[in-house]
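Coordinates in review
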Amino acid sequence: MAKDSAKSLSMIETFSEFKELKNIDQPTLISVLEESFRSVIAKMFGTDDNFTVVINPSKGDCEIWRDREVVADDEVTNPQIQVGVTEARKIDAECEIGEDVTDSVEFASFGRRAVLNLRQTLQSKILELQKAAVYDKYKDMVGEIITAEVYQIWKKEILLLDGDHNEILLPKTEQIPSDFYRKGDSIRAVVVKVDNANSVLKILVSRTSEMFLQRLFEQEIPEVADGLITIKKIARMPGERAKVAVESFDDRIDPVGSCVGVKGSRIHTIVRELRNENIDVVPYTSNPSLFITRALSPAKVISIKLDEENKRAEVYIDPESVSAAIGKNGSNIKLTSKLTGYTIEVFRYVVDGGNAEEDDIYLDEFSDEIEQWVLDIFKEQGYDTARRVLAVPREELIKNTDLEEETIDNVIKVLNEEFAE
């Protein structure tokens, strides 16, 4: 069976807008073009099984070949799949009845409606491909910071465009309250959700999520980026205040000092990005009482009673620092609760028979009677005065300091004797 020289169908106008598509590789594009041609052919003739479509993207054209069975001239029932022997021999002079003959078909001969149908089909499939390509790109970027340009500002969200002109949404609820932007401004935000349900692509970013703050730490603080310092937990009131718990597994590295920098040099860039959000960097510990004590700083915690089953903590605070423990509009206590996972109730610490500050004694004063290393362990837990130690239940002291019961009992005995005198 021989093929006549096929006349290429020039489709330059149809191809030109699709040849240089970004994010779509050539094999995929060729497949889509072939599928689109076949779809139109199938609609016109009921089947495309006997058609071969050859795409030449470099030339901007395609060839369509049709296979038909050679039958007697008076037995042609379907001219799309059958051809009379007389006509067949004009294509291939040596063909016989029962064989197949192949000839080229000009797509333009199908009519203007077919060409329009092809263009619409192509546009629809290409749009789906573009959305799928963008979706595949951004679904792997969830949790990463991107920079995009403000294109349009609406009441409930801002439309952004990235470097490839992909549309990104920054909802009002994900903006820092003091954020203010104009068209053309650049915005940094973290990708929080990518959805392509029902072929409607949505890329959402946020500036209020804890992940945004964590990524900023990773970008601005080398020790965090290198994994020398780990961010354990974050609690935020966007634009107002945040608490970040950090931990270092290298005793030579001060996690708080490294994050803050000399005179706040490192954290200042992050604070400025977050519209002057006040950031407290807290050294993390698995000891809940000590963690709560550190998180409530600068308030002076005297003692803590934990209800671990219900995740509640009664915190007794030096009367002069109760307001510092609560914070403006309750911000400090709210963030501490969120950071530690405990519902915190603050109480004023009152000592019967005298003023706690006047009657109290720093633990270092007892170094003649209690070994210094024992005193240091108490101080590490936030118990730096005698009354702060005595205000904590014995069982809690044993648990928090991990000291022997005999040692704890001796410390309590020495401290009580001092006040008894």
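An account of the accompanying structure is given in this report. The structure displayed is predicted, hence computed values, not measured ones.

With respect to the sheet that holds strand β11 (residues 229-237)
With respect to topology, three strands assemble into an open sheet ordered β11-β12-β13, the strand pairing being mixed. Of all the strands in the sheet, just β11 and β13 (278-283) have a single pairing partner and so form its edges. Between one strand axis and the next, the sheet turns through 20 degrees on average, direction left out of account. As defined by bridge partners, β11 adjoins strand β12 (residues 241-248) across eight bridges and the pair is classed as antiparallel. Within β12, the position partnered with T230 by the bridge is E247. Along the sheet face, helix α9 (residues 288-295) touches β11, β12 and β13 and points at about 150 degrees away from the line of β13. Where helix α11 (residues 331-340) meets the sheet, it contacts β11, β12 and β13, and its direction lies at approximately 135 degrees from that of β11.

Things to note about helix α2 (residues 26-45)
Over its 20 residues, α2 runs 28 Å from end to end, which matches the ideal 28 Å to within 8%, given 1.5 Å per residue. All of the buried residues in α2 are L29, V32, L33, S36, F37, V40 and I41. Angular distribution of buried residues about the axis of α2 spans 170 degrees; they occupy a single face of the element. The first or second residue beyond α2 is G46, which carries a positive phi of 85 degrees.

Notes on the packing of helix α15 (residues 394-401) against helix α16 (residues 405-420)
Here α15 crosses α16 at 125 degrees, and the two axes come no closer than 10 Å. By the angle class used here, α15 and α16 are oblique. Handedness of the crossing formed by α15 with α16: right-handed. Here R394, L397, I398 and T401 of α15 come into contact with α16, specifically with E405, I408, D409 and I412. Class assignment of the residues belonging to the contact of α15 with α16 gives a composition of four nonpolar, one polar and three charged.

Points about the environment of P393
Within the element layout of this structure, P393 appears in the loop between α14 (386-390) and α15. Owing to a relative accessible area of 31%, P393 belongs among the partly exposed residues under this scheme.

A word on the nonpolar core
Among the nonpolar cores identified, the biggest contains 23 residues, and L213, F217, V244, C259, I270, L274 and I279 are the most heavily contacted of them. Elements that contribute at least two residues to this core include exactly α5 (210-220), β11, β12, α8 (265-273) and β13. Considering every element that reaches this core, the biggest residue donor is α5, with four residues. Ignoring sequence-local partners within four residues, the contact set of L213 consists of I234, R236, A242, V244, I270, L274 and I279. Of all hydrophobic cores here, the second largest spans 20 residues; its members include I361, V389, V411 and L415.

Quick word on the packing of aromatic side chains
Taken as a whole and assessed by the stated rule, the structure comprises two aromatic pairs. Seen from their ring centres, Y284 and F291 are 5.1 Å apart, and the 75 degrees between their planes marks the pair as edge-to-face. By relative accessible area, which is 22% here, Y284 ends up partly exposed. On the basis of relative accessible area, F291 is assigned to the buried category, the value being 4%. Pairing Y316 with F347 gives two aromatic rings, centres 5.3 Å apart and planes at 25 degrees, and the pair type is stacked. Here Y316, found in strand β15 (residues 312-317), pairs with F347, found in strand β16 (residues 343-348); they are 31 residues apart in sequence, far enough to count as distant. Exposure remark for Y316: the relative accessible area of 18% places this residue in the buried category. Above the ring of Y151, the side-chain terminus of K183 is found at 4.9 Å from the ring centroid.

Reading guide: rules and limits
Residues numbered from 1 in each chain as written. Predicted model: local features only at pLDDT ≥ 70, side-chain atom pairs only at ≥ 80, totals over all residues. Heavy atoms only, no water. Pairing = 2+ DSSP bridges. Helix = DSSP H or I, 4+ residues; strand = E, 2+ residues; numbered from the N terminus. Axes fitted to C-alpha atoms, helices over the stretch in contact; angles between N-to-C directions. Contact = heavy atoms within 4.5 Å. Expected span 1.5 Å × (residues − 1). Buried < 20%, exposed > 50% of the residue type's maximum accessible area, 1.4 Å probe, protein only. Arc of directions from axis to C-beta. Parallel < 35°, antiparallel > 145°, perpendicular 65-115°, else oblique. Left-handed = near helix turned anticlockwise from the far one by under 90°. Nonpolar A, V, L, I, M, F, W, Y, C, P; charged D, E, K, R; others polar. Core = buried A, V, L, I, M, F, W, Y, C linked by side-chain atoms within 4.5 Å. Phe/Tyr/Trp six-rings, centres within 6.5 Å; stacked < 30°, edge-to-face > 60°. Lys NZ or Arg CZ within 6 Å of the ring centre and 35° of its normal.

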